[in-house]
Structure formats: C-alpha cells, structure tokens
There are 2 protein chains.
Amino acid sequence: MANASICTIGDEILIGQIVDTNSSHISCALEEIGVKVTRMLSFGDDHDEIVKNLTNELTHNDIVITTGGLGPTKDDITKAALAEISGSKGYVTHNGQLKMVHEILHARGLDVLDINKAQALVPDTCEVIVNHLGTAPIMVFRFPRERFGHAVTLYALPGVPFEAIGAIPDIIKDVKEHNALTDIFHKCVMVFGMAESALSKEIESWEDSLPKDMHLAYLPNPLTGVRLRLSIYGGSKEEEERRIDDAFARLKPILGDKIYSYKDDTLENAVGSLLRGTG
Amino acid sequence: MANASICTIGDEILIGQIVDTNSSHISCALEEIGVKVTRMLSFGDDHDEIVKNLTNELTHNDIVITTGGLGPTKDDITKAALAEISGSKGYVTHNGQLKMVHEILHARGLDVLDINKAQALVPDTCEVIVNHLGTAPIMVFRFPRERFGHAVTLYALPGVPFEAIGAIPDIIKDVKEHNALTDIFHKCVMVFGMAESALSKEIESWEDSLPKDMHLAYLPNPLTGVRLRLSIYGGSKEEEERRIDDAFARLKPILGDKIYSYKDDTLENAVGSLLRGTG
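J.: Help me out: how do you make sense of the overall build of chain A in this one?
T.: Of the regular secondary structure elements, chain A holds 12 helices and 12 strands. Taken over the C-alpha atoms alone, chain A extends approximately 65 × 45 × 35 Å along its principal axes. A total of 279 residues make up chain A; the buried ones form 52% of that total. The contacts in chain A between residues at least 6 apart in sequence include a share of 69% that link residues at least 24 apart. Summed over its atoms, the accessible surface of chain A is roughly 12,600 Å², and 53% of this surface lies on carbon and sulfur atoms. Considering chain A, the positive charge centre built from 27 side chains and the negative charge centre built from 41 side chains are found 4 Å apart.

J.: Before we go on, may I ask you to explain the packing of aromatic side chains in this structure?
T.: Two numbers describe a pair of aromatic rings. These are the distance of the centres and the angle of the planes. Summed over the entire model, instances satisfying the criterion amount to 8 aromatic pairs over all chains. Seen from their ring centres, Phe141(A) and Phe143(A) are 6.4 Å apart, and the 20° between their planes marks the pair as stacked. The class of Phe141(A) is buried, set by a relative accessible area of 1%. Note on Phe143(A): relative accessible area 6%, which makes it buried. Both rings, one in Trp206(B) and one in Phe248(B), keep their centres 6.4 Å apart while their planes meet at 20°; by these two values the pair is stacked.

J.: Even after reading the chapter, I still don't get a nonpolar patch on the surface, so can you show me in this structure?
T.: Residues and elements named next belong to chain A. The grouping of Leu-133, Val-160 and Phe-162 at the surface amounts to a nonpolar patch, some 240 Å² of accessible area in total. Within the secondary structure, Val-160 is located in the loop between strand E8 (152-157) and helix H8 (161-178). On the basis of relative accessible area, Val-160 is assigned to the partly exposed category, the value being 32%.

J.: Would you take a moment to explain the interface of chain A and chain B for this structure?
T.: Put simply, an interface is often sized by how much accessible area is lost when its parts join up. In this complex, chain A contributes 44 residues to the contact, which on the side of chain B involves 44 residues. In this structure, the connection of chain A to chain B is made through 0 salt bridges. Connecting chain A to chain B are 10 residue pairs in polar contact (both at pLDDT 80 or more). Broken down by element, the residue count for the side of chain A that touches chain B peaks at 7 residues, all from strand E2 (residues 36-43) of chain A. Residues that form the side of chain A that touches chain B fall into these classes: 19 nonpolar, 14 polar and 11 charged. Both E2(A) and strand E2 (residues 36-43) of chain B contribute to a ladder of 5 bridges, which runs antiparallel. Bridge pairing in E2(B) places Met40(A) opposite Ser42(B).

Here is what the cut-offs are and how they apply
Residues numbered from 1 in each chain as written. Chains lettered and ligands numbered in written order. Predicted model: local features only at pLDDT ≥ 70, side-chain atom pairs only at ≥ 80, totals over all residues. Heavy atoms only, no water. Helix = DSSP H or I, 4+ residues; strand = E, 2+ residues; numbered from the N terminus. Buried < 20%, exposed > 50% of the residue type's maximum accessible area, 1.4 Å probe, protein only. Contact = heavy atoms within 4.5 Å. Areas by Shrake-Rupley, 256 points an atom, 1.4 Å probe, with all protein chains shown as cover. Lys, Arg positive; Asp, Glu negative; His and termini not counted. Charge placed at Lys NZ, Arg CZ, Asp CG, Glu CD. Phe/Tyr/Trp six-rings, centres within 6.5 Å; stacked < 30°, edge-to-face > 60°. Patch = residues over 30% accessible without salt bridge, like charges linked within 9 Å, V, L, I, M, F, W, Y side chains within 5 Å. Salt bridge = Lys/Arg side-chain N within 4 Å of Asp/Glu carboxyl O. Polar contact = N/O pair within 3.5 Å; in protein donor to acceptor, adjacent residues only side chain to side chain. Nonpolar A, V, L, I, M, F, W, Y, C, P; charged D, E, K, R; others polar. Pairing = 2+ DSSP bridges.

By themselves, these observations are geometric and do not establish any function.
So, in structure tokens, the structure goes:
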C-alpha cells in the first residue's frame, strides 16, 4: 500500500490566522483510492525548515503533497528549496503556465509584472501540471530510487484553497497512473445516543469476532454521534463489501435503533430521510 | 524565545473526516504570549508512530502540545506511549479527575464503567490539570535537561474541540510560569483591491527601509484582501508599538485608501464601521 504525507507550507497556518482545510480534502481523495496518509505537517516559510522537513517526509513516504509557499512574494523560498532538494541545474519557463498567468491577470484587468511572469519559471527537474485557477504552476518532482532509497513523488500545489482543491483530480489521476495501488473498501454505520465508552463495551464481543483483515475505527463527533467504520485493504470490491455488510448485519441485533444510518450522514439528514420514508 | 510544536493524534484527522481546528486556537494563544510555533503535525493512533513523532518533536522544541488520542476506547495507546517516553514506573489514579469523571457521567445520566474510571489513571511521571469539561485529564510531562538535551514540557490535551479549547487558559498560565518568554508585539493593516504581487512591488522601498528587527508578513486571504503584519520580538510594549505605528504611518502615503483597516477585521465589518462613521 502506498503511503503519503501532506505538508502545508506557510506562516499563516502556524500563527493560527488560517485553519488548514486543504489537507483534509486531499487526504479524503487519497483515502478513496487506497493511499494511506501517515502524517500531516505544517511548517513555516523558511528555506532551512522547508529543506529539512521535506527531506524527512520524502525519506519516509511514497507520495508527498505540499500546499502553499508558492505566492508571488515568497515563491523563491519553496521553489528554491525544491530546486535544491531535486538537484536542479536551473529554471525554465513553462509556456503553458505563462499563458495562463497572462490570461488570468488580463481577465482581472491587472498588468502582468515581472514578479507574475516569474511564477511560470520552474526548476528543470520537475514536470508541470498547469494550474487553470491561478498563476502558480503545480510542480511534480519524481525522485528516482537512488535519491531517498525508494521511488517517491512530490506534488507542490498552491495554497489558495480553491486552487489546491481544484488541483486534486489531476493529482489523483497522476498518483493512480504511477503507483501500484491496493483497493480499499470501507463502510460506516452512524450510532447515536451512546457514549464511546458504553458503545465500546456493548460491542466488545462483536469487535473481537471480526476477521483479522477487517479494521474497526471509532470516529466520534459531538454533533453526529459515533461513526463506526470497517475497512479492508485489498481483495475484490463485490466480495469485500459483502463481507463488511455481513459484519454490520451481525451488529444490528446488538445496537438496534441506535444505528441511525448506514451512510456518512448528519443526524439531521438521517432524521429527514426517516420522516420522508426514504431512509 | 521559546518555540513550540502542536501535535494532533488521531486517525479521524488523517483520513480527512475532521478538520483540525484545535491547533489554530492553540497557536493563536501561544503567539500572543510570544511563543513561536515552528510546526504542526498530525499522526495516527499507533504506538510506534506516537513514540517516534513525539520523541522527535520533544528533541526540537521547548514546548510540545498534543491534542487527541485520549478517548476511552483508545487511551491506552497515547497514554502508554507517554508513559514509555517519560520512563514511568506505573499508573496512579488522580482523585480530582476521578471525581470529575463521576460528576460528568452522572450529570449525563450515564453509569460509570471501569473504562471511564481508567481515564483518571495517569503515568506516575506527570502532573495533572483537571479537565472540567470531559473525562480525560490534561497531563503535563516536564522532561529534565538530561532527557532531550534541553528542558521541554509536553501538555497532552483531549481532542474534543470544546475540551481542548477550554484547556487553553490553564496551559498558557503554566507556559508563562515555566518559561522565560520574550514579549512579541505586532500590528496589522488590511489592504484591499491589490494583488499580492502588485502590492509587493508598490511597497518594495518601504519594505527595504524597515529596521532589521521588524518582521513583515504578507497574509493573503481571498475574502479580506492582504493583511500586512509587522512584528517585533522583545523590547518594551510602549516603545515597540510606537515604532510599528511609525512604520505604518510611512506606509499610509504609499497605499492611501487601499488600507481599509488597522484591525484584524473582515471587509464587511470595516465597511460597516466606515458607514457608521466609527472606522
């Protein structure tokens, strides 16, 4: 199974002015294709910090995704750090991104300054996915096995949330093309009206009876109750989903109506569905 | 200046089901008393991961704050990892927290199970701050200089947001008592109607003229424009705030009405204040 680290670069997060929402969008998308996110990390706009942290993440993961640190006033820091880590001999202009810089700024009625044009300059060690939503390109660094002891790819995304989220489909497509991924299957039941501790006691023998390859997670949320999630890595979709359904069928006589949904749902939606007779 | 790392423990964050908002509340509070947050980190409910990651953070920081990983169904993992890291010889019941466990569960009309009582058990190497909002205690581990080459304190907070946020005043009080802190002074101006790149070019000579000990940060936000923040570490409040005000006074003739507020403000509030004549 491929594993991944998601890194957020920028002082805004560290000083608490902004909450990082990009990382959870990215991890949801990775999780869906069977990539295990092992760590999320935020660090500041500082050359040495970036080099030190990224080197460490590249050493321990198959995939590293960064967001942020590519704004026009700071792009030298992250880009230069990536150039250094990847042994770049110089920068090249990516014409597709340069065209996009012009289009975006013209559409906003802004002049194209040298500082804007510089955003289309990338280290000669990376591939580019054109960012259609902003001026900073999406950079893809594929490190050969020799560099970190295993093949690892780094994707550098812009930090602006709609640009980062907009880049996810392209990143996921690339990850799927370049990694031998194990499918992951999981389903959830939503339980309301029981504290996590009482629930854990109630379903103890059911939990102990689960097959070894089936993983149970308690995901408590004060607003929606406890989500119980069963996961299996590998196998065929039809077979594994049937096995998970069987396991939940054995849970039903234990918890009864305390299970209010078999979807990732809010309590309100589930109640709404019940009232409409569609639940 | 003391530096800090904020760690979030739990699979919920890594799989993207939950966005981590605790860390930004904690970093805001630390920033206000002059503690520099160098990293934020999330990792899973796994013994080896917890030991490896916390050992690394303790080695590089004066203060480590963890949230999460203390739920009744998983507390053994994080607590056992902390017991191991701190060389604990065993667990002791904290009577204040045990009393709280009873009070909280009785108030909710729930029975007190052994699994709940176990939450008041803590490694004999920690101090406890009673959590008045939940059943998991707040654990404080003070590592002597010999352990990691410098004195470092770890605060383990519960992950439930209102409990974690509720613990912040006690943590901040303790941090202030046990560290020689440098005051930090900073003020912001909010600029609207200019892209970050154009702004950077416009204020280039002003930026170059800033004193060496004054740090400028661009904090862009698509909804509120760019926040320019000037910070000084150390010195006297009156003097340093006057120096920052002077620097912003020299910025005023350059940016004029593009500065819409001298507070950390939303555009809507600033416009509202202007319309009411209170801005």
